[in-house]
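Coordinates in review
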Amino acid sequence: MSEAFDAIIIGAGQSGPFLAAKLATAGWKTALIERTHLGGTCVNDGCTPTKTLVASARAAWSARHAADWGVTVSGGVTVDMKAVKARKDKVVNASVQSLTDWLGGLEHLEIIRGSGSFVSPTEVTVNGRTLTAPKFFINAGATASVPDWPGLSSVPYLTNTTMMDIDTLPDHLVIAGASYIGLEFAQMYARFGSKVTVIERGPRAASREDEDISASIRQILEADGVSFLFDTTVESVVKAGQGVLLSLNTDGRLASTEASHLLIALGRTPNSADLNLAAAGLSTDKRGYIPVDDNLRTSQPGIWAMGDINGRGAFTHTSYNDFEIVADNVLDQGSRSIAHRIPVYGLFIDPPLGRIGISEHEARASGKKVLMGTMPMSKISRAKEKGETQGLMKVLIDAETKRVLGAAILGIGGDEIVHSLLQLMAGDLPYTVMQQTVHIHPTVSELIPTLLADLKPLE
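Everything in this summary refers to the structure shown in the same document. A quick note: this is a predicted structure, and the numbers were derived from the prediction, not measured.

Mapped onto the fold, Glu 184 is located in helix α5 (residues 180-192). Taking the C-alpha atoms as reference, Glu 184 lies 33 Å from Ala 327; in sequence the two are 143 residues apart. With residues up to four places along the chain from it excluded, the contact list for Glu 184 reads Thr 50, Lys 51, Leu 347, Phe 348 and Ile 349.

Pairing is antiparallel across the open sheet formed by three strands, whose spatial order is β13-β14-β15. Either end of the sheet is taken by a strand with one partner, and the two such strands are β13 (232-240) and β15 (253-259). Each strand of the sheet is rotated relative to its neighbour by a mean of 20°, with strand direction disregarded. Pairing between β13 and strand β14 (residues 243-250): eight bridges, direction antiparallel. Looking at β14, one finds that Val 237 is bridged to Leu 246.

Our focus in this paragraph is the nonpolar core. One finds Ile 8, Leu 19, Leu 131, Phe 137 and Ile 138 to be the most contacted residues of the largest nonpolar core, which totals 48 residues. When residues of this core are assigned to their parent elements, the largest contribution, six residues, is made by helix α7 (residues 316-332). Once residues lying within four places of it in the same chain are set aside, the contact partners of Leu 131 are Glu 3, Phe 5, Ile 8, Ala 31, Ile 33, Ile 112, Thr 122, Glu 123, Val 124, Val 126 and Phe 136. Within the second largest apolar cluster, 40 residues are counted, among which are Phe 185, Tyr 189, Leu 221 and Leu 353.

Now for the packing of aromatic side chains. Here the structure, examined in full by the defined rule, presents eleven aromatic pairs. Ring plane angle 80° and centroid distance 5.1 Å describe the contact between Phe 18 and Tyr 320, whose orientation is recorded as edge-to-face. Here the residue Phe 18 occupies a position in helix α1 (residues 16-25), and Tyr 320 occupies one in helix α7, the gap between them amounting to 302 residues. Taking the relative accessible area as the measure of exposure, Phe 18 reaches 22% and is therefore partly exposed. Here Phe 315 and Tyr 345 contribute two aromatic rings whose centre-to-centre distance is 5.4 Å and whose plane-to-plane angle is 5°, an arrangement assigned as stacked. With a gap of 30 residues between them, Phe 315 in the loop between β18 (303-305) and α7 and Tyr 345 in strand β19 (residues 344-347) connect regions that are remote in the sequence. A relative accessible area of 25% places Phe 315 in the partly exposed class. Look at Tyr 345 and you get buried, because its relative accessible area is 6%. The structure contains a cluster of three or more aromatic residues connected by ring pairs, namely Phe 18, Trp 102, Tyr 320 and Phe 323. Taking the ring centre of Phe 5 as reference, the NZ or CZ of Lys 29 above it sits at 4.8 Å.

Cut-off values and rules
- Residues numbered from 1 in each chain as written.
- Predicted model: local features only at pLDDT ≥ 70, side-chain atom pairs only at ≥ 80, totals over all residues.
- Heavy atoms only, no water.
- Helix = DSSP H or I, 4+ residues; strand = E, 2+ residues; numbered from the N terminus.
- Contact = heavy atoms within 4.5 Å.
- Pairing = 2+ DSSP bridges.
- Axes fitted to C-alpha atoms, helices over the stretch in contact; angles between N-to-C directions.
- Core = buried A, V, L, I, M, F, W, Y, C linked by side-chain atoms within 4.5 Å.
- Buried < 20%, exposed > 50% of the residue type's maximum accessible area, 1.4 Å probe, protein only.
- Phe/Tyr/Trp six-rings, centres within 6.5 Å; stacked < 30°, edge-to-face > 60°.
- Lys NZ or Arg CZ within 6 Å of the ring centre and 35° of its normal.

See below:
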């Protein structure tokens, strides 16, 4: 016999728990199904742990470079990886426990540990139970993509998830993939003291970014000792002692490299295969994502898909925004949607990249008349005073409307500074508002008006 609920949520990433709490608080009998950890990738093996590790790596870097600021550190700087992992685990566990305690204390909410699988558009099975509800919300997330390299299944390798278990310093960490996850791990482990090599099948790092941003990212990581092999594919892998031997092809030239540890950072695959979506009358696109409209509704009435699994955003902040949109539509009969959501994300190397809107490449392809301003961080007094002048700022403006189209701030505080331009976009305000505003001196943000005063047509 099936058990009736008002709503069933499959997956407890960054949308599911908050929607579950909202529905339960409104009096809905709600089931939240999760097979592993509350909080999803972000809390357990994404944002929270990696940024904690980035902070530890930053501390090691600061200690080694203390003399640059006139500070003497006696003796060599060593990193206790067991202590680094313990600190990371403490931060993660506190976040998970806080979420668990909060949800566990809510009336009308039942947390069910297990894997949910549809048996009809209104029913799901989990742990031998059959649950039914008129409304389903899928927040099943994504996991690391694993390639089909010959030999990979017989060698030890790591993903962003299993990397969280490492409490020793790799002698030679080889990372497959020079995108956001791979680059963050590359820099942090180089700063911890590992030899790090990044293998990328394309011609540059962070290929989604403009070429000047990509080149600056590469320079930042190379300054920390990271080596790159571009235009390189992995032909096969075999076990070599306790490590891995990789056979490589670089523009037709064959070579090999040996790694004590291999990290696979080649993108993410949505967790849709185990949901038995066909029984719910749903199908995925060719990449495994569940198609949704701008209100996050699937093609099946009464079923929504939120977070990474819908292919409409791959970040914690977009997943949380999905929750806000769905809650507004379902509970308040509102009209919020993702139609006008501004692209915004960060790359948390050190210094970080903050990105909003479109890139220079996209601006050129848009056909619009565009103004662009760029400024190296080396021209900013605050950056020089802090001794951190790597990176650059770039802003793109619609020449006719004077609205901000996009920006990239790669440099000290870039992940925070970029929000000032984001607010102009969200408020539909001309860039002149910011240009004519008095900013605090000395800051990095005070140079954005200077940058905006020197815009030039994008040819």
